[in-house]
Amino acid sequence: MAGYVVVGTQWGDEGKGKIIDVLADRADYVVRFQGGNNAGHTVVVNGEKFILKLLPSGVLHGGTCIIGPGVVVDPKVLLDELASLETRGARTDHVLISDRAHVIMPYHVKLDELKEVNAGEMKIGTTKKGIGPCYADKIWRDGIRMVDLLDMDKFAKKLKYNLEAKNEIITKIYGAEPLDYDKILADYTEYANKIRHRIIDTIPVVNKALDEDKLVLFEGAQALMLDINYGTYPFVTSSSPTTGAGVSPRKIDKGIGVMKAYTTRVGEGPFVTELHGEFGEKVRQLGGEYGAVTGRPRRCGWLDLVVGKYATMINGLTDIVITKIDVLSGLGTLKICTAYEVDGEIYEFMPADTEMLYRAKPVYEELPGWDEDITQVKCYDDLPENCKKYLKRIEEIVGCPISVVSVGPDRSQNIHIREI
């Protein structure tokens, strides 16, 4: 069997979509295992950009693509995304959806918007797409799943029960207009008719593929520092970007962590290595650091290897892929954060107390930079010496080998140091 997992090692936006796209060329199955349409992956093929919200990044290849049981799905967004790909000549008949995946409803989106607007200084920077409220219903055991779209009588009863409760909150707590039952039922009946042929029990399919020695690539959205369990809580997503595919850990051969050569995050929350002012803006412009789905400017900072070591350990990484190292060309002396100083104490491990991170000061190690344009380099040996030293130091600190270095956005702009 060959099970590969690709995860983010920072706060997302590390370039996972590109790496998954490269690996998917030889994968039999690509499985998106968590998150929703709040996390976009950008894939560039022959100079043409594809922004994917729900679909696995391997959708542009021939392998079967599965939206797994840990994903929350907005059917309208999914149908729009499928239609967009089809109009550009891409096939989508190989896309399947787990019957256990939960369905994002209009009341989830409405409650997400109302809660964030009314949160004031307690806001967390949600994308207002209903992701959190949908996961909350899942945990509260009130969720509607894809399997419910296969029986619209059952769906209608669950919708009526949920909408009555949600409209009470919408009207009496937030003072907003209630949502209409008949409109939602009509819309979701239409969605169900269009996607029910894709809804299957994916767990036996994926496990059978692994048992038959097929290559199955598991694709996470977001990243460890946005994990509901391990991230900078409460400034996190509502799922676990490290788990959720319904597969035994014994069937996973490689843990591939994608790490940007510097660090970014979006939304609120502590960011120890954040760069402010003109230099931070320069990095943002050079890296094109704007959200694929929301367009929000990303906060930029020096590479944080306290986060990197944490992600390597929690995810059990076997390989690291470094992306966007070309952005560092010409920036002069570079910095890597190796520890935090909080109230006079040194921390080499990620503390659970988010308030401590607001007070933390980065402990930096400085490394000489390089000025050469490396976007056309194809071989590791041809990289500038200081660039190779930078990569070597990352390996030493996190304790995991770097197998691929990305020097540009296209799938061809990769330097393979070790085979994955």
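Bear in mind the structure is a predicted one, so any value in this text is a computation, not a measurement.

Scoring rules and cut-offs
- Residues numbered from 1 in each chain as written.
- Predicted model: local features only at pLDDT ≥ 70, side-chain atom pairs only at ≥ 80, totals over all residues.
- Heavy atoms only, no water.
- Pairing = 2+ DSSP bridges.
- Helix = DSSP H or I, 4+ residues; strand = E, 2+ residues; numbered from the N terminus.
- Contact = heavy atoms within 4.5 Å.
- Axes fitted to C-alpha atoms, helices over the stretch in contact; angles between N-to-C directions.
- Parallel < 35°, antiparallel > 145°, perpendicular 65-115°, else oblique.
- Left-handed = near helix turned anticlockwise from the far one by under 90°.
- Buried < 20%, exposed > 50% of the residue type's maximum accessible area, 1.4 Å probe, protein only.
- Phe/Tyr/Trp six-rings, centres within 6.5 Å; stacked < 30°, edge-to-face > 60°.
- Expected span 1.5 Å × (residues − 1).
- Polar contact = N/O pair within 3.5 Å; in protein donor to acceptor, adjacent residues only side chain to side chain.
- Core = buried A, V, L, I, M, F, W, Y, C linked by side-chain atoms within 4.5 Å.

Asks: So what's going on with the sheet that holds strand E7 (residues 95-98)? Residues and values would help.
Replies: As summarised here, the arrangement of the ten strands in space is E9-E7-E5-E2-E10-E1-E11-E15-E19-E20, forming an open sheet in which the pairing is mixed. The open sheet has two edge strands, strand E9 (199-200) and strand E20 (414-416), and neither has a second partner. Strand direction decides the pairing type here: strand E2 (residues 29-32) and strand E10 (residues 215-219), joined by four bridges, are parallel. The partner of Val 31 across the bridge, within E10, is Phe 218. Here helix H7 (residues 202-211) sits on the sheet in contact with strand E1 (2-8), E2, strand E5 (64-67), E7, E9 and E10, set at roughly 130 degrees to E10.

Asks: Before we move on, could you go through the packing of helix H9 (residues 305-315) against helix H11 (residues 385-398) and cite the residues and values that matter?
Replies: Their axes nearest at 9 Å, the elements H9 and H11 cross at an angle of 55 degrees. With respect to H11, the element H9 is oriented oblique. Remark: the crossing between H9 and H11 carries right-handed chirality. Residues Leu 305, Gly 308, Lys 309 and Thr 312 of H9 lie in contact with H11, whose contacting residues are Ile 394, Ile 397 and Val 398.

Asks: Describe the environment of Ile 314, naming the residues involved and giving the relevant values.
Replies: Checked against the element boundaries, Ile 314 lands in helix H9. Residue Ile 314 is classed as partly exposed on the basis of its relative accessible area of 30%. When the C-alpha positions of Ile 314 and Thr 9 are compared, they lie 9.8 Å apart, and in sequence the two are 305 residues distant. The contact partners of Ile 314, leaving out residues within four places of it in the chain, are Leu 224 and Tyr 230.

Asks: Could you give an account of the packing of aromatic side chains, with specific residues and numbers?
Replies: Taken as a whole and assessed by the stated rule, the structure comprises seven aromatic pairs. Judged by centre distance (5.4 Å) and plane angle (85 degrees), the rings of Tyr 310 and Phe 349 are edge-to-face. Highlighted residues: Tyr 310 in helix H9 and Phe 349 in the loop between strand E17 (345-347) and helix H10 (354-359), separated in sequence by 39 residues. Overall, the relative accessible area of 9% leaves Tyr 310 in the buried class. Classification of Phe 349 as partly exposed rests on a relative accessible area of 44%.

Asks: I'd like a description of helix H5 (residues 152-173), backed by residues and values.
Replies: Three- or four-residue spacings in an α-helix give side chains the same orientation, since the helix completes a turn every 3.6 residues. Between its terminal C-alpha atoms H5 stretches 30 Å, which fits the 32 Å expected from 22 residues at 1.5 Å a residue. If you check which residues of H5 are buried, you get Met 152, Phe 155, Ala 156, Leu 159, Asn 162, Leu 163, Lys 166, Asn 167 and Ile 170. Regarding H5, its N-cap is Asp 151, as a side-chain oxygen of that residue lies 3.2 Å from the backbone nitrogen of Asp 153 further along. The positive-phi residue at the C-terminal boundary of H5 is Gly 175, with phi of around 70 degrees.

Asks: Pulling in residues and values, what's your account of the nonpolar core?
Replies: One finds Met 105, Met 146, Leu 149 and Leu 217 to be the most contacted residues of the largest nonpolar core, which totals 52 residues. Residues in contact with Leu 217, not counting those within four places in the same chain, are Tyr 4, Val 6, Ile 20, Leu 23, Ala 24, Ala 27, Tyr 29, Val 30 and Val 31. Ala 209, Leu 303, Val 407 and Ile 415 belong to the second-largest nonpolar core, a separate cluster that totals 47 residues.

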